[in-house]
Amino acid sequence: MSIYPLSNVNGNSKLKTPSLSLNTEEYVRRFSSLYLTAELGQKYRLHATHAHTMDDYLSYDIQCPNCRKLLTPVGAPIDHFDLGLYACSHCGNR
C-alpha cells in the first residue's frame, strides 16, 4: 500500500501536497498529522492523527499524488481519524 504524507504548500494550511513515503503507515502516523493511503480503483483515503469533523477535512484542497490536480471527495469517512475517500477526475479519465 502506498502512503503519502501531506504537507502545506507555501505556508497555505488549506492546500496540501502529498509526497510518497517508503515507510510504514505506523511510522508516517507518528510524524505526519495528515496522510493519504492508496485504495483500490485509483482512490485515496485521508487519515488524521487528531480527530476531524467533516467540515474540518472538507476545507482542505488536496493535490493528487500523480498529477497534482485537486482530488475530489467521493466517499464518506469511516470515523474521525479515517476520513473521506478521494479520487482524481483527471487521472481517472485516462
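Scroll up to find the structure this text is about.
Residues numbered from 1 in each chain as written. Predicted model: local features only at pLDDT ≥ 70, side-chain atom pairs only at ≥ 80, totals over all residues. Heavy atoms only, no water.

Student: Outline the pairing of strand S6 (residues 72-75), supporting the account with residue identities and numerical values.
Tutor: Residues in a regular strand project their side chains so that they alternate between the two faces of the sheet. With three bridges joining them, S6 and strand S7 (residues 82-87) adopt antiparallel strand pairing. If you follow Pro73 over to S7, its bridge partner there is Tyr86. The loop that links S6 with its antiparallel partner S7 comprises six residues. (Pairing = 2+ DSSP bridges. Helix = DSSP H or I, 4+ residues; strand = E, 2+ residues; numbered from the N terminus.)

Student: Lay out the environment of His90 in plain terms, naming residues and giving numbers.
Tutor: Looking at the secondary structure, you find His90 in helix H3 (residues 89-92). For His90, a relative accessible area of 36% translates into the label partly exposed. Sequence separation between His90 and Asn66 is 24 residues; the distance between their C-alpha atoms is 9.8 Å. Contacts of His90, omitting those with residues within four sequence positions, involve Cys67 and Lys69. (Buried < 20%, exposed > 50% of the residue type's maximum accessible area, 1.4 Å probe, protein only. Contact = heavy atoms within 4.5 Å.)

Student: Talk me through the environment of Ile62; I want residue IDs and the actual numbers.
Tutor: Checked against the element boundaries, Ile62 lands in strand S5 (residues 61-62). Residue Ile62 is classed as buried on the basis of its relative accessible area, which comes to 2%. Sequence separation of Ile62 and Asn8 is 54 residues, and the distance between their C-alpha atoms is 9.6 Å. Non-local contacts of Ile62, meaning those with residues more than four positions away in its chain, are made with Leu6, Lys16, Leu36, Leu46, Lys69, Leu70, Leu71 and Tyr86.

Student: Could you give an account of the side chain of Lys16, with specific residues and numbers?
Tutor: Position of Lys16 among the secondary structure elements: in strand S2 (residues 12-18). Asp61 provides the closest opposite charge to the buried, unpaired Lys16, separated from it by 10 Å. In terms of polar contacts, Lys16 uses its side chain to reach the side chain of Asn8, at 2.5 Å. Among residues more than four places away in sequence, those in contact with Lys16 are Leu6, Ser7, Asn8, Val9, Leu34, Tyr60, Asp61, Ile62 and Gln63. (Lys, Arg positive; Asp, Glu negative; His and termini not counted. Salt bridge = Lys/Arg side-chain N within 4 Å of Asp/Glu carboxyl O. Polar contact = N/O pair within 3.5 Å; in protein donor to acceptor, adjacent residues only side chain to side chain.)

Student: So, the sheet that holds S6: which residues are in play, and what are the values?
Tutor: Read across the open sheet, the seven strands follow the order S5-S2-S1-S3-S4-S7-S6; overall the sheet is mixed. Edge positions in the sheet fall to S5 and S6, since each has one partner strand and no second. Bridge count between S2 and S5: two bridges; the pairing is parallel. Across the sheet, the residue bridging to Leu15 is Asp61, located in S5.

Student: Please set out the side chain of Arg45 residue by residue, giving values where relevant.
Tutor: With respect to the secondary-structure elements, Arg45 resides in strand S4 (residues 43-48). Summary of buried charges: Arg45 has no salt-bridge partner, and the nearest side chain of opposite charge, Glu39, is 4.7 Å away. For Arg45, the side chain forms a polar contact with the main-chain oxygen of Ala76, separated by 2.8 Å. When residues no more than four places from it in sequence are discounted, the contact partners of Arg45 are Tyr35, Leu36, Thr37, Glu39, Ala76, Pro77, Ile78, Asp82, Leu83, Gly84 and Leu85.

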